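Single-letter residue listing:
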Amino acid sequence: QLVNTIRYMLRQSGIHYDWNNIRRIMNTRILATIELPTQTKRIQIRKPSVPDRQVQEIYKATGCTETQKSVKKSVVYH
């Protein structure tokens, strides 16, 4: 039912992809993790890739306003 709802929302915006193409397009988004070790702690930064045009169209058609945000995490050494 969820897949059909997503496809319906896309069709309403003139986007006629089948489910395999939607998955392929959305899988172009990646989440990169950068690890920066220092003397006192290890810093990890997770940053999503910039969505390409097709991904942005799918987000807009489905009303998705929030995507993966950058996250910074520190681990302090004892």
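Preceding this section is the structure that the text describes.
Residues numbered from 1 in each chain as written. Predicted model: local features only at pLDDT ≥ 70, side-chain atom pairs only at ≥ 80, totals over all residues. Heavy atoms only, no water.

A. Representation of the nonpolar core within the structure. Residues L10, I15, I22, I25, V55, I58, Y59 and A61 constitute the largest nonpolar core, which totals 8 residues. With 4 residues, the single largest contributor to this core is helix α3 (residues 53-62). Setting aside chain neighbours within four positions, we find A61 in contact with M9, L10, S13 and I15. (Core = buried A, V, L, I, M, F, W, Y, C linked by side-chain atoms within 4.5 Å. Buried < 20%, exposed > 50% of the residue type's maximum accessible area, 1.4 Å probe, protein only. Helix = DSSP H or I, 4+ residues; strand = E, 2+ residues; numbered from the N terminus. Contact = heavy atoms within 4.5 Å.)

B. Spatial organisation of α3. Within α3 the residues assigned to the buried category are V55, I58, Y59 and A61. All buried residues of α3 fall inside an arc of 170 degrees around its axis, so they share one side. Residues R53 and K60 are exposed on α3 and point more than 90 degrees away from its buried face. In this structure, the buried residues of α3 make contact with α1 (2-12) and α2 (19-26). Downstream of α3 by one or two residues, G63 has phi in the positive range, about 75 degrees. (Arc of directions from axis to C-beta.)

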